[in-house]
Each structure stands twice: as C-alpha cells, then as structure tokens.
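Chain by chain, the residues run as shown.
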Amino acid sequence: MQSWGLNDRQVGASRAQYGENRLTEKKREGFWTKLRSNFGDPMIRVLCVALAANILFAVLGQTKWYESLGIAIAVLLATLVSTFSEYRNENAFQHLQAEASAILCKVYRNGEIVELSITELVVDDCVLLQTGDKVPADGVLVDGSLKVDQSILNGEAKEAQKMVMPPDYIEQDGGMDFLDPYQVFRGSVVCAGNAVLRVTTVGDHSVYGQIAGELQLDEERDSPLKVKLTRLAGGISKFGYIGGVGIALAVLFECIVVRNGFDIGRILAFCTDWMALLNQVVEAVILSVVIIVMAVPEGLPLMIAIVSALNMGRMLRDHVLVRKISGIETAGSLNILFSDKTGTITKGKLEAVVFLDGQGNAYQKYEEVVGGLGRVLSLSLHHNTDAVLTGEGKSTRVVGGNATERAILSFAARRNEAPHAAAIHSIPFSSENKFSAAQIESDRTITLIKGAPEKILPHCRAYYDAHGEPQPYAQGLCADGCVVRHIDALAHRAIRVLALAVSHRPLNGDALPEGDDWTLVGVIGIRDEVRPESVEAIREVQGAGVQVVMITGDRKETAVAIAKEAGLLTSDAELVLTSDELAVLSDADIKAKLRDIRVVARALPADKSRLVRLAQEMGLVAGMTGDGVNDSPALKKADVGFAMGGGTEVAKEAGDIVIMDDNFSSIDKAILYGRTIFNSVRKFIVFQLTINVAAVLLSLVAPFLGMDAPLSIMQILWVNLVMDTLAALAFGGEPALRRYMREQPKCRDEAIVNRPMWTSILTDSLWIFVLGLVFLCVPFVRTFFRPDAQARYLYTGFFVFFILSAVCNAFNARTDTLHLLEHIGRNKGFLQIIALIIAVQVGMTYFGGAVFHCYGLTIQEWLISTLLALTILPVDLLRKAIIRWLTVTKAVKRVL
C-alpha cells in the first residue's frame, strides 16, 4: 500500500508532461460581448437605421436633438435588459457548475492518503475508490475490484464489472471501450467494491473530456421565435422603407404637380426655384423618416427582453434554471420531446414496492406484515444484506451495498426495527450466482437466502403463514403454484422480484445449503417507480400537442411496462423500437414512422442525436432531456436541451435549460412558460402594431388634406417607447394559463402574426384612423375645443384621444375572449401600469409644452377625447363575437 502513488517531485514532473485533470472551459461571453451580440437582433438593426437617419437630420437642423436621443434610449434599454437577464442567469449557472465540480478524491501522495480536488490529479496518481464515489479520471485498477455505473457515458443501465489488469494485458491508450473490464472511465459511479485506481489519462484527453470538447464545436440553431421575429422585422422594415419612400414621392408630387394645377409651365417654374424645391424635398424626406419610426415597433425588443426576464425569475422559483433566453422561447414551440426515463419520468432510484407471501397475498407496505411472518421477514431483510442502517428515527438512512440492496433494506427501514441475531457466515450477492445468503444465530441457527426466483423457488416445499409457522405446499413444490403466476404478473409491470427463503441447514462453504426443504418467506418486488406527478405532466404535455418519446437503456419489455404506466403507450398503433431495430431502418423509413414512435429501448447515445436530427429535418422543433455525458451531443443538437440538475457538468453545459429537481413536471412548466411568453409577445404585437398602423395611416393622409402632421416625433416616441415599455411590463406579467397547454404547437416557420391577430390589428387601427380623421376634420368636433390659430388644443385633444385609444385597446389585446377583465386578479400590475400611463399622459398634457406639443385641456375637451377613445372597446368586442360565431358555425357544419 505504501508504495502506491507519487511524491511531490513526481507529481510536478507528471503535471509538466501531461497537464492537470482540468477540462478546458468554454470561453464565456462577457457582459459587453453579450451586449454587442444583442445589437444583431433584426429589430434593433431596423431601429439603428432610423436612429442614423434621425441623427443626420438633427445635424442638418431639421429635427430636434432630443428626438435622436429618444430613439437611442429605446435601443439601449432593449439590449441592456436582455443582456443583463442572460448574464445574471449565466452567472447563477456557473455557480451551480462550480459546486458540482467541487469533488474531493482520496489520493495516495508521499506514502499516505490525502483528500485533493479532482483538478489536482495527475497521470500515475493512485486514487482510493469506494462505494458511492465518482471516478475522477480515466485509469486502470491496481488493487481490488469494482462494479461501476457507466450510464452517464454510454447510456447502459447495467452495472459493469472492473478488475485488476493482468500483467500480460496490452493497455489501450485513449480507448473508448466501455465493456473493457480493466479500464475505468471518468464520470462513472462506483456501485460496489473497493479498489485503487492508477490514473492513465487526465483532463481533455479523457473520454469525458473528449465528449465535452466536441460540444464546443457545434453551431446553434436560431430559436423558432427568433425566426418568426426576423420575418416580422423584415416585413415591417420593408413596409416602412417602401412606405416612407412612397410617401416622400407622393408629398413631392402633391407639392410640385397638384398644387400647380398640373400646369407644365407652373411646374417647370417651381422646379427652377431650387431653394423652394430643396425645402420641399427635405420636408418630404423628414416625413418619410417619421413614417419609418412609426412603422417600427421600437418597444418590441424591450418587451421580449422584459417578458423573458420576468418569466425566467418565476421559473427559477419552480426549480427551472434558464441559461439562455432562447431556451424558454423555444420550449413553448416544441413539437416533439425525447425524454430520458430514469430520474425524469421515474424517480431515478429503486424502491421495494410490494411483498408477496407464500400464498400470493400482496402487502404494499412493510408495516402491513405483522406477527410471526413479520419477524421472519425482518430477519431476512436486516441480516442478509450488504447495506446498513445509520441514524435513528426520521434521520434513519440506508448506506452501502448496491442499489438493489439499499432498496430492499429501505423497505424494512420504514419501521426501523432490526431483530437481534449473530452473523456466522455470509455469501455476498453476485450477478453470476444471482443470490446472497447469511447463516445467523437467532433462536436457532438458520440460513437466510435471497436471490432470483428461479434459484430459490425450486428448493421451497413450504411457506411461512401469517403466524410464522411453516406450511407445506399442496403440490409439493412452490415453483408450480400461485406465487409463480403472481411473479409473472409483476414482470409485466416492470417489477423485478427477489425471493426470500429460510433453510435450517448450514451453508456449504460458498454454496447454498443442500436439499429441497427450504421454507419460502415470500417475494419482494423492486422497481424504479414512475413519478406520480410525471403521469399528469405527460398527459398535459401530450394534450399540448407535443409528442413525447421515452428513450431508455432498459430492455423492451421493461420499457413497455413503464411507458404504459406513464401514459405514453395508449394504442396498438404506437411504436416501440429497439436500438437494433432503428439501426436497420433508413433515415427515410424513420421519418415515415417518427410520428408514431413512443419508446426507444436499449438506446445508444448515437440514436438520440440521430432522432433529433431527423425530427429537425422534418421541420419539427425538437427537445431532448438528459443527464449523462452520453446525452450531451443530443442536448446540444436539440432546439432546446433540458439538462437534469443532478446530471453531469458536461450535460448541463450542453443544455439550454437546467431542470433543478430532475422532474418531468418541471419540463411541463417550462413548456407552459414558453407558451406564456409567446402569447404575451403576440398580445403585445397586436397592441403595438394597431397603434403603429393607425399612426402611419394618419401621417400618410394628413398632408394630402392640408393638415400638419397629427403626431410629432416626440409624441411618436412616447407612444412607441415609453408607453410601450410600460405596456411590456403590463403584458409581461400575464399569468401562465393552463389553456395555453391545449393549443397546438406552432410550426417553426409559421408567421407570428396569424389571421385573428390581423383582423384585430386592421379592425382597431382602421377604427382609430377613421375616428382620428373625424376628430381633426369634422367641424362639429372642433366646437368642443377652444379656438386657436394653430389649433394647439385640438391637436392636444387628438393626442389624448390617440393615447387613450391605445390604453383601451390594451384590454382588447390581452384576451381573445369577450371578458376583458379575464384573470386580471392574477396580473394586478396590469391595472397599475395602465393607471400610470394615464397619469403620465395627464401630466404631459399640462406640462409637456413645446417639447411634446401639449397644452392643458378643459373638462369638456377631456370628455370628448375620452368618449371617442372608449368606442374602440365595443368595436373590438363586436369583432370577437363575429369571429366566435363564424368559428362555431364552421364547427357545426363539419359535424353535420
């Protein structure tokens, strides 16, 4: 023992030659780098073009400097909020990663065992590994033997046996053969045994490090929301640019041709006066810039940043850490979700769920087994195991042994009673023997036997009744009776069973007692239970139109049983495939079957990445859950990767969202929040585009009617930035409604503005436009305002009408039902922000002055402006009623 390990000089030499056991971290984007990248947002680019044009005119003295400042503030606010939210959550994620990486190892250094950080290991270090330890580096065993769980590397749930390498074995340098009994890999977990590991590979050269390094090379796909917003931004910018140029030409035509009566001589004379002509051109270009500023929804990037940030905070309270804002957006658009079984759909740990006595009577709880039978069962569970109980009362824990041993002892630990008995000899459980046995001295010398039913039942001619008395089987042997039928039924439910028996003969060395006169205590059923909340969550997710595919390393029969219990398999048309069956299918064949696949059993890591790729090629938005290093490539490739909080650091690095409690129900919440964001964005788009379209139409028509521009640039910025910023907060607080989960997923290339949204935008914007013209042109309306040569009070009243129309339309936009105050109690901030907007508008009306072109109104002037604005409420309610009537009529016709 003392000769193992390195001394300080050897450690230094090894570190210089091979490096430390540290993974190269992916280069992090700093705050300023994130900020610069957010300026690449399509909406921000359009805003920057408008800002540049406005600065040019400000330099030429054609616009006020504070108008450019207002646009600049809009750009900075939108990018800063988005950058800060992502940067804050990334820091929180890095803190979690640092905690997960803080692994201490028991290392032989300078002739003694010391605890060192995993990063301090070097090649040729010797590490003591015990049950429950995580293997810190790739290497080989020099002493002892282990059973390790390599599932995070290869997805295989079966424990692998590792042993000391024989002298004549040729060591594989950098190999990735997980079946090699002599190679141990970083990330594996020791399930049983004690051994000393000699480190052969560290850091990025380990299998773990190679997989982590490959992930940094993958390119990321744009989120579905970004794709939709890019298209929207492109459409709006084209509308603004074409409209701006068209309006400039139209104004010039009106000034040069129409005003001169289409007389060629007068037109030519006007054009020779180049100063007058230049003045008209400048005015036309300024008007076109105003149109562009109106057309672009300046508040939209800020709104998305705000609503995402608000929901990211809520999700963190629900155990969901969003690393990338795009992750939560994309979660709401999922069409297909590939989910791990272990720890996500199931609890992730084995539990003893049922006990059958020798007559086939079932007991769901240990406490139900009383009397003499209870005492014999207690002896069998407490004294024939490698696991032990620690602590007392509620603090009792089961430690040691493998997962099966801990599950069985935990069944008895609920009552925390261990009858006294002296151990004489024992045989530990092994996968080769498929049994364990313990010879003990209690009231008398007996041998407790536990193992596979096929090993135990053929030897049992009797069973213990409820009083603990042996009773012979009528058929002579238990293997022919009802117990076997119950075992078969449990197997169909994916419950693995172990039989418990007692022999009055002693152990025969390392062999079981001879003879067929054993007495059956009973059969205990073990399984990784489906989480009760997962069943409901899967039903919710499927109801949302998301196809859930369970991917597991289990054999097909077990996978089918779990899938049926979880609600994933409900009809014969749904497919269950194994990895081997997938391998023989072409990509085209899998695409044809993909919609019907519900379970993939015996899955390999490559299967996950292939399925994600094929789903994306079909235009689907694909999600993937995972916790192991082997899951990381698929997590990275998926549109949204859900990494489990209890998983590896590499998996969490690859994921977009970290599920802190490893629970499928949290994925359900992530999808709900994603859809909430999408619906909130849509509500805001309806709200803002209605205002923008109305403003563009009014600014377009006004010059041809001989009127001044009805809205100044500062008023437009108040509408598009300040008021919309507040509206973003209002819509950002909208609650996550369960009815969103009844909506069908949105296609990746589906337009973000759908037909009902267009009807709302066009109906309400046209109404505001028509009433605006009535307000400005009809003499009757003018009679309500004080006469003024510059019509200052009329235009102030129009501005108030316009703002209040937008405020009223916010109530229309926040719900597609006829109940305008639906769920308003769950978003009290909405009413508070609406009240704030009105208060600011009142203040601006009296104190805005020349900057905002606002002058105080009388009660009568306020009243007419407010009454005209309120008319948008019944108009939109009528639109909703008509749409609902048409929808119901169409549905009735389909039924008939």
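Everything below is about the structure shown above.
Structure report, in brief. These figures come from a predicted structure and were not determined experimentally.

## Some points on the packing of helix α28 (residues 792-813) against helix α32 (residues 872-895)
Consideration 1: Relative to each other, α28 and α32 sit at 30 degrees, their axes nearing to 9 Å. In terms of their interaxial angle, α28 and α32 are classed as roughly parallel. Regarding α28 and α32, the two cross each other, and that crossing is right-handed. Residues S805, C808, N809, F811 and N812 of α28 form the contact with α32, whose own contacting residues are I872, L873, D876 and K880.

## Points about a nonpolar patch on the surface
Consideration 1: A grouping of W274, M275, L278, V281 and V285 is seen on the molecular surface, where their side chains present a nonpolar patch of about 470 Å² in accessible area.
Consideration 2: In this fold, M275 is placed in helix α9 (residues 274-295).

## Describing the environment of L337
Consideration 1: The topology assignment puts L337 in strand β9 (residues 336-340).
Consideration 2: Since its relative accessible area comes to 0%, L337 is described here as buried.
Consideration 3: Taking the C-alpha atoms as reference points, L337 and V640, 303 residues apart in sequence, are found 9.3 Å from one another.
Consideration 4: Residues contacting L337, with those up to four places away along its chain left out, are V546, Q547, V548, V549, G623, M624, T625, F642, F664 and I667.

## Overview of helix α17 (residues 532-543)
Consideration 1: In this model, α17 (12 residues) spans 17 Å end to end at C-alpha, consistent with the 16 Å of a helix rising 1.5 Å per residue.
Consideration 2: Within α17 the residues assigned to the buried category are S534, A537, I538 and V541. Down the axis of α17, the smallest arc covering the buried residues is 105 degrees, so these residues share one side.
Consideration 3: Packed against the buried residues of α17 are α12 (341-345), β21 (547-551), α18 (556-566) and α24 (664-701).

## Concerning the pattern of salt bridges
Consideration 1: Inspection of the entire model under this criterion finds 30 salt bridges.
Consideration 2: Note that D340 is salt-bridged to K608, the shortest N-O span being 3.4 Å. Remark: K608 occurs in helix α21 (residues 605-617) and D340 occurs in strand β9; sequence separation between them is 268 residues.
Consideration 3: Between K683 and E734 there is a salt bridge; the shortest N-O distance is 3.1 Å. Residue K683 is located in helix α24, and its partner E734 is located in the loop between α25 (713-732) and α26 (755-777); the two are separated by 51 residues in the primary sequence. Each of the two residues, K683 as well as E734, counts as buried.

Scoring rules and cut-offs
Residues numbered from 1 in each chain as written. Predicted model: local features only at pLDDT ≥ 70, side-chain atom pairs only at ≥ 80, totals over all residues. Heavy atoms only, no water. Axes fitted to C-alpha atoms, helices over the stretch in contact; angles between N-to-C directions. Helix = DSSP H or I, 4+ residues; strand = E, 2+ residues; numbered from the N terminus. Parallel < 35°, antiparallel > 145°, perpendicular 65-115°, else oblique. Left-handed = near helix turned anticlockwise from the far one by under 90°. Contact = heavy atoms within 4.5 Å. Patch = residues over 30% accessible without salt bridge, like charges linked within 9 Å, V, L, I, M, F, W, Y side chains within 5 Å. Areas by Shrake-Rupley, 256 points an atom, 1.4 Å probe, with all protein chains shown as cover. Salt bridge = Lys/Arg side-chain N within 4 Å of Asp/Glu carboxyl O. Buried < 20%, exposed > 50% of the residue type's maximum accessible area, 1.4 Å probe, protein only. Expected span 1.5 Å × (residues − 1). Arc of directions from axis to C-beta.

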